[in-house]
Amino acid sequence: MSGSRQKIERGFETFAHLVYRWRWVVLLLMLSVAAGLALQMPGLTTATSNESFLHSDDPILLAYNDFRDQFGRDELIIIAIQPPDVFDLKFLNKLKALHEEIEAKVPHINEITSLVNARNTRGDGDQLIVEDLLEKWPQNKDELMVLKNRVMSNPLYINRLISEDGGFTTIVIQTNSFSDEGSDLDVTAGFDDAEKPSKDSQKGGPVFLTEKENAAAVMSVNKIVNRYQADDFRLYLAGSPVVTTLTKISMKKDMMLFIILAVITIGLCLFLMFRRFTGVALPLLIVMLTLISTLGLMALTGVPVTTVTMVLPSFILAVGVGDSVHVLALFYRYLGKTGKKKDSIIHAMGHSGLAIVMTSLTTAAGLASFSTAEVASVADLGIFAGVGVMLALIYTIILIPALLAIIPIKAKSRPKDHRSLLDRLLDRVTDFSTGHPKAIVVASAALIIFSLVAATRLNFSHDVLKWQPEKSPVRIATQKINDELKGSVTLEVILDTGRENGLYDPVILKKLDRLAREIEGIKQGDLFVGMASSVADILKEIHQALNENRPEFYSIPDNPKLIPQEFLLFENSGSDDLEDVIDSRFQLARFTIKVPWLDALKYAPFMKDIDVRFRAAFGQDADITITGLMTLFGRALTAAIHSMGKSYLIAAVVITIMMILLIGSLRVGLISMLPNLAPIIVTMGIMGLFGFPLDMFTMLIGSIAIGMVVDDTVHFMHNFRRYYHETGDVTEAVRQTLHTAGRAMLVTSVVLSIGFFVLMFASMNNVFYFGMLTGITIFLAMLADFLLAPALMAIVMKPHGRDDKEV
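Below is a short write-up of the structure. (Residues numbered from 1 in each chain as written. Predicted model: local features only at pLDDT ≥ 70, side-chain atom pairs only at ≥ 80, totals over all residues. Heavy atoms only, no water.)

## Some words on the overall build of the protein chain
Along its length, the protein chain carries 26 helices and 15 strands. For the protein chain, the spread of C-alpha atoms along the three principal axes comes to 110 × 50 × 50 Å. By residue count, 59% of the 807 residues in the protein chain fall in the buried class. Restricting to contacts in the protein chain with at least 6 residues of sequence separation, those with at least 24 account for 80%. Of the roughly 32,400 Å² of accessible surface on the protein chain, 59% is carried by carbon and sulfur atoms. Averaging the locations of the 75 positively and 84 negatively charged side chains of the protein chain gives two centres separated by 13 Å. (Helix = DSSP H or I, 4+ residues; strand = E, 2+ residues; numbered from the N terminus. Buried < 20%, exposed > 50% of the residue type's maximum accessible area, 1.4 Å probe, protein only. Contact = heavy atoms within 4.5 Å. Areas by Shrake-Rupley, 256 points an atom, 1.4 Å probe, with all protein chains shown as cover. Lys, Arg positive; Asp, Glu negative; His and termini not counted. Charge placed at Lys NZ, Arg CZ, Asp CG, Glu CD.)

## Focus: helix α16 (residues 473-485)
An ideal rise of 1.5 Å per residue puts 18 Å on 13 residues; α16 measures up with 17 Å between its terminal C-alpha atoms. Along α16, the residues that are buried comprise Val474, Arg475, Ala477, Thr478, Ile481, Asn482 and Leu485. What you see down the axis of α16 is that its buried residues fit within an arc of 165°, all on one side. Lys486 sits one or two positions beyond α16 and adopts a positive phi of about 60°. (Expected span 1.5 Å × (residues − 1). Arc of directions from axis to C-beta.)

## Quick notes on the packing of aromatic side chains
Taken as a whole, this structure holds 23 aromatic pairs when the rule is applied. Summarising the aromatic geometry, the rings of Phe756 and Phe770 are spaced 6.0 Å apart at their centres and angled 75° between planes, so their arrangement reads as edge-to-face. Of the two residues, Phe756 is situated in helix α25 (residues 730-757) and Phe770 in helix α26 (residues 765-796); the sequence distance between them amounts to 14 residues. An aromatic cluster of three or more residues is present, and its members are Phe53, Phe315, Trp467, Phe697, Phe756 and Phe770. Stacked on the ring of Tyr20, the Lys or Arg Arg23 has its end atom at 4.9 Å from the ring centre. The ring of Phe208 carries the charged tip of Arg68 above its face, separated from the ring centre by 3.9 Å. (Phe/Tyr/Trp six-rings, centres within 6.5 Å; stacked < 30°, edge-to-face > 60°. Lys NZ or Arg CZ within 6 Å of the ring centre and 35° of its normal.)

## Details of the pairing of strand β14 (residues 588-595)
Within β14, 8 of the 8 residues are buried, which leaves it mostly tucked inside the rest of the structure. Residues Leu588, Arg590, Thr592 and Lys594 line one face of β14 and the alternating positions Ala589, Phe591, Ile593 and Val595 line the opposite face, and both faces are buried. Sheet topology places strand β10 (residues 489-496) next to β14; 8 bridges connect them, and they run antiparallel. What sits directly across from Leu495, in β14, is Ala589. Where strand β13 (residues 531-533) and β14 come together, 3 bridges link them in antiparallel fashion. Following the sheet pairing, Met531 is matched in β14 by Lys594. (Pairing = 2+ DSSP bridges.)

## Observations regarding the sheet that holds β13
If you walk across this open sheet you meet the 4 strands as β13-β14-β10-β15, and the pairing is antiparallel. In this open sheet, the two edge strands, each paired with only one partner strand, are β13 and β15 (623-627). Averaged over neighbouring strand pairs, the angle between their axes works out to 15° when direction is ignored. Here helix α20 (residues 603-618) sits on the sheet and contacts β10, β14 and β15; the angle it forms with β10, its principal contact strand, is near 25°. (Axes fitted to C-alpha atoms, helices over the stretch in contact; angles between N-to-C directions.)

## Concerning the sheet that holds strand β2 (residues 76-82)
Spatial ordering of the open sheet is given by β3-β6-β2-β8, a layout of 4 strands whose pairing is antiparallel. Sheet topology places β3 (109-113) and β8 (234-238) at the edges, where each strand pairs with a single neighbour. Taking the axes of each pair of neighbouring strands and ignoring which way they run, one obtains an average angle of 15° across the sheet. Here β3 pairs with strand β6 (residues 169-175) via 4 bridges, running antiparallel. Looking at the pairing, Ile109 lines up with Thr175 of β6. On the sheet, helix α4 (residues 89-105) packs against β2, β3, β6 and β8 and is oriented at approximately 10° with respect to β6.

## Let's talk about the environment of Gln139
Looking at the secondary structure, you find Gln139 in the loop between β5 (127-132) and α5 (141-152). A C-alpha to C-alpha distance of 7.8 Å links Gln139 and Leu89, two positions 50 residues apart in sequence. A polar atom in the side chain of Gln139 sits 3.0 Å from the backbone oxygen of Trp137. (Polar contact = N/O pair within 3.5 Å; in protein donor to acceptor, adjacent residues only side chain to side chain.)

## Some thoughts on the packing of helix α23 (residues 674-690) against helix α24 (residues 701-727)
Running from N to C, α23 and α24 cross one another at 145°; their axes reach a closest spacing of 8 Å. The crossing of α23 and α24 is right-handed. Contacts between α23 and α24 involve Asn676, Leu677, Ile680, Met684 and Met687 from the first element and Ile701, Gly702, Ala705, Ile706, Val709, Val710 and Thr713 from the second. Taken together, the residues of the contact of α23 with α24 break down into 9 nonpolar, 3 polar and no charged. (Left-handed = near helix turned anticlockwise from the far one by under 90°. Nonpolar A, V, L, I, M, F, W, Y, C, P; charged D, E, K, R; others polar.)

## Topic: the pattern of salt bridges
Throughout the structure, instances matching the rule amount to 30 salt bridges. Salt-bridge contacts for Glu101 lead to Lys105; the nearest nitrogen and oxygen are separated by 3.3 Å. You can see Glu101 and its partner Lys105 sitting in helix α4, 4 residues apart, about one turn around the helix. Exposure remark for Glu101: the relative accessible area of 13% places this residue in the buried category. Judged by its relative accessible area of 55%, Lys105 falls in the exposed class. It is possible to trace a salt-bridge network through shared partners that takes in Asp513, Arg517, Glu520, Asp537 and Lys540. (Salt bridge = Lys/Arg side-chain N within 4 Å of Asp/Glu carboxyl O.)

## A look at the side chain of Thr309
You can see Thr309 is positioned in the loop between β9 (305-306) and α10 (312-319). On the accessibility criterion, Thr309 (2% relative accessible area) is buried. The contact partners of Thr309, leaving out residues within four places of it in the chain, are Met298, Pro304, Ser377, Asp380 and Leu381.

## A short note on the environment of Glu164
Among the structural elements, Glu164 can be located in the loop between α5 and β6. Given the relative accessible area of 49%, Glu164 is considered partly exposed. Ignoring sequence-local partners within four residues, the contact set of Glu164 consists of Met152, Ile158, Asn159, Glu484 and Lys486. Side chain to side chain, Glu164 and Asn159 meet in a polar contact 3.1 Å long.

## Here we look at a nonpolar patch on the surface
Where nonpolar side chains cluster on the molecular surface, the patch consists of Leu447, Phe450, Leu689 and Phe690 and spans about 420 Å² of accessible area. As for its position among the elements, Leu689 is in helix α23. (Patch = residues over 30% accessible without salt bridge, like charges linked within 9 Å, V, L, I, M, F, W, Y side chains within 5 Å.)

Spelled out as structure tokens, the structure:
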């Protein structure tokens, strides 16, 4: 072995000696650090809003914040109602009661709209009257029929307040744009709610409605809806705020479940391996301190737990245990031979120290590849998962020797001729892998090629709604609203005329009107436009009312002098609805397009088409900004795709370089990457074969997995190099490697895979698939390290007795 390697190993031995000598000081110091970080945990927050996917300085998010600042929230709570007959007095009375109860009891509401108070604009002589639709309550069937004709003939009601066939009606709730509490959040034990602060809020300006306030509104509405639910009054509650709130509830419930299951399964695996109290308690103590410290650092730096970082506890519990398992395995083995605790601690640290440092660095490198991700929650995962890995390393190499020195531990020696079932299994694996190396390599190559072909069928995806179970009420409600009311998601287009009173120009208004009619005819597969509206629709409504309510006057006036007069009459009528679609200077106009809730991948060509249409219509006469909830979905997907490609490349390059440096050979270092890359390729093939999408979560598998699965390869190659140098025989070197490091490799692989398999108990589909596929990847990596790695060494290494400089 190289002299530098021996120096490093002697350095770890010296370090272990110092820790052993100052064990009580070390213990108190480390526990003090952990306690200090633990005290920060009450300030930990959660964030599940659509904005939380993006960095606060992302241009798309900044444009969306500007839109919300000017026009209010476009994320609406929608209640779709299916009665036997909408235009029935009994139903209308119940609708009114529901409307009024929501208005009175639900907090943080800016506006609530239904047939009860829908804007009804009409002319009476030379007067313009703007009143609630049911200002005068119908008393008999004739009046109900008049009401029905009025509603069904008003294009502004169709697919907004009533379905095209009149079978469904809605209550549309718009929450406040800004928080009632400002930035002073009520922090409760565990997790609070966080909103990414805008630049204004950072300067002391207003804060957008917090997730806590959003959840309060949604839960209040849900409580009322459940009370009114009946066979003749079917209610469907949907909308982005509802999805966000349910995601938060599921996330909090799942996180606690994951921690409990991970601790139980890890503890069981440790007991089966070591059959000692210390073998279970010490690794669990390390991972719990690591988890508490990592979450404390997140709270300290103001980083919230998101739908992506919610897997962090399970990840840290599973990954953090590996270092201590390798140290303890060597410690117990040497203690059984010598009975000397101090020598056993020094021996374990000297033999495993370099390997666990390298495995921690490779895992952290894989995770660090996410740190520059354009998706904020993915970047947070990369940073704090990497921090967690390094904290686990620090706690392991400092606390484990100190605790072993303090706790009384008896040596357990085995008879020399004792051979356990595991020993016999490892011998058979050795004989098979080194006895049939070419067959294993050929079979592996065939599987990799097949997986690469299958992986070509992979599709990208980002659909937050599909994270919910298929039978989830919000999924059912959203689909019902998509089908009956033609959509629940909006795309917003902001038209800036560049001058005050620019919206008095009939040319601009007619272009808006013409675009609305064109866009309403768009159908691109599953995507269709249910409604397109702007200030032009209000003006047409006013113009018709001022011309004896005659239908032929439902148009934009040709005379530009009439437009400001008609707008003034509308404002003087007491209605403030113009504020929802234009600014006070009549310079900016809002154009709203409603479409079904679909996978964000399907929105990209649609948004491009809308942008092209508007720029073609207005040219240089106006500035066009595409924004709204749909743009957040689209940006999250494109950012995830870019981040995935970059992180995969960074992780593969950095880890390959580290493997070459560790092994000390370019050729063997490159070859050793095959057992690390093969499991990821096979998993991608499985995803393509069975139709699993590459979404915000499954995109993480590659970079996370390569950082983890390389750990076992590092331990294998580190020990193989040592034993090959001593014996000069590949088979014997593999045998000794598997009988020493192989035991810990087996346990850590099982623990890691189980740590991710517990995510399959999640209530959200995205976490379920992420846990399942990552667990499969780790299991495949274990097979690769026990079969493919020895086979490759058997093929590439020199014959017995030759110099081993290339190892």
